[in-house]
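Notes for the structure review
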Amino acid sequence: VQLQASGGGLVHAGGSLRLSCAASGRTVYNSAMAWFRQAPGKEREFVSAIREMNGATRYADSVKGRFTISRDNTRNTVDLQMNSLKPEDTAVYYCAARSYWTVAYYDQGQYSNWGQGTLVTVSS
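The following refers to the structure shown. (Residues numbered from 1 in each chain as written. Predicted model: local features only at pLDDT ≥ 70, side-chain atom pairs only at ≥ 80, totals over all residues. Heavy atoms only, no water.)

Within this structure, the stated rule accounts for one disulfide. Across a sulfur-sulfur distance of 2.2 Å, Cys-21 and Cys-95 are joined as a disulfide pair. Its S-S torsion of about 65° marks the bond between Cys-21 and Cys-95 as right-handed, since a negative value means left-handed. With Cys-21 in strand β3 (residues 17-24) and Cys-95 in strand β9 (residues 91-98), this pair connects stretches of sequence that are 74 residues apart. Accessibility expressed as a relative area gives 1% for Cys-21, which makes it buried. (Disulfide = S-S within 2.5 Å. Helix = DSSP H or I, 4+ residues; strand = E, 2+ residues; numbered from the N terminus. Buried < 20%, exposed > 50% of the residue type's maximum accessible area, 1.4 Å probe, protein only.)

Have a look at this one:
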């Protein structure tokens, strides 16, 4: 599966952005999908994931209540709605996919397909 992330940009603290990950080669409905991010000078970290078929979701504690992951089966995309953004959310955001859900959904090593990343910058 090929993934294409988009929607990044510059936003003030407290603002919102919506990222989108377009998939080709497999439906997002039948894929476990996730968002990770990498801030400057830091390791890539888990943000959110959505399970294939039943659509169960998981979030990192740092974004819980502010970010929402969703799936659009018509567009074959997985979106990340980011509200109440903070400067510490500044990072390159990557979408990732695997064939099926894993209990280690937060581990980037579990994902075999990655998008190219989209930069989110939150100014204070």
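A few words on the sheet that holds β3. Sheet strands associate in pairs through backbone hydrogen bonding, adopting either a parallel or an antiparallel arrangement. If you walk across this open sheet you meet the four strands as β1-β3-β8-β7, and the pairing is antiparallel. The outermost strands of the open sheet, each flanked by one partner alone, are β1 (2-6) and β7 (67-72). Adjacent strand axes in the sheet meet at a mean angle of 15° when their direction is disregarded. The pairing of β3 with strand β8 (residues 77-82) spans six bridges and is classified as antiparallel. (Pairing = 2+ DSSP bridges. Axes fitted to C-alpha atoms, helices over the stretch in contact; angles between N-to-C directions.)

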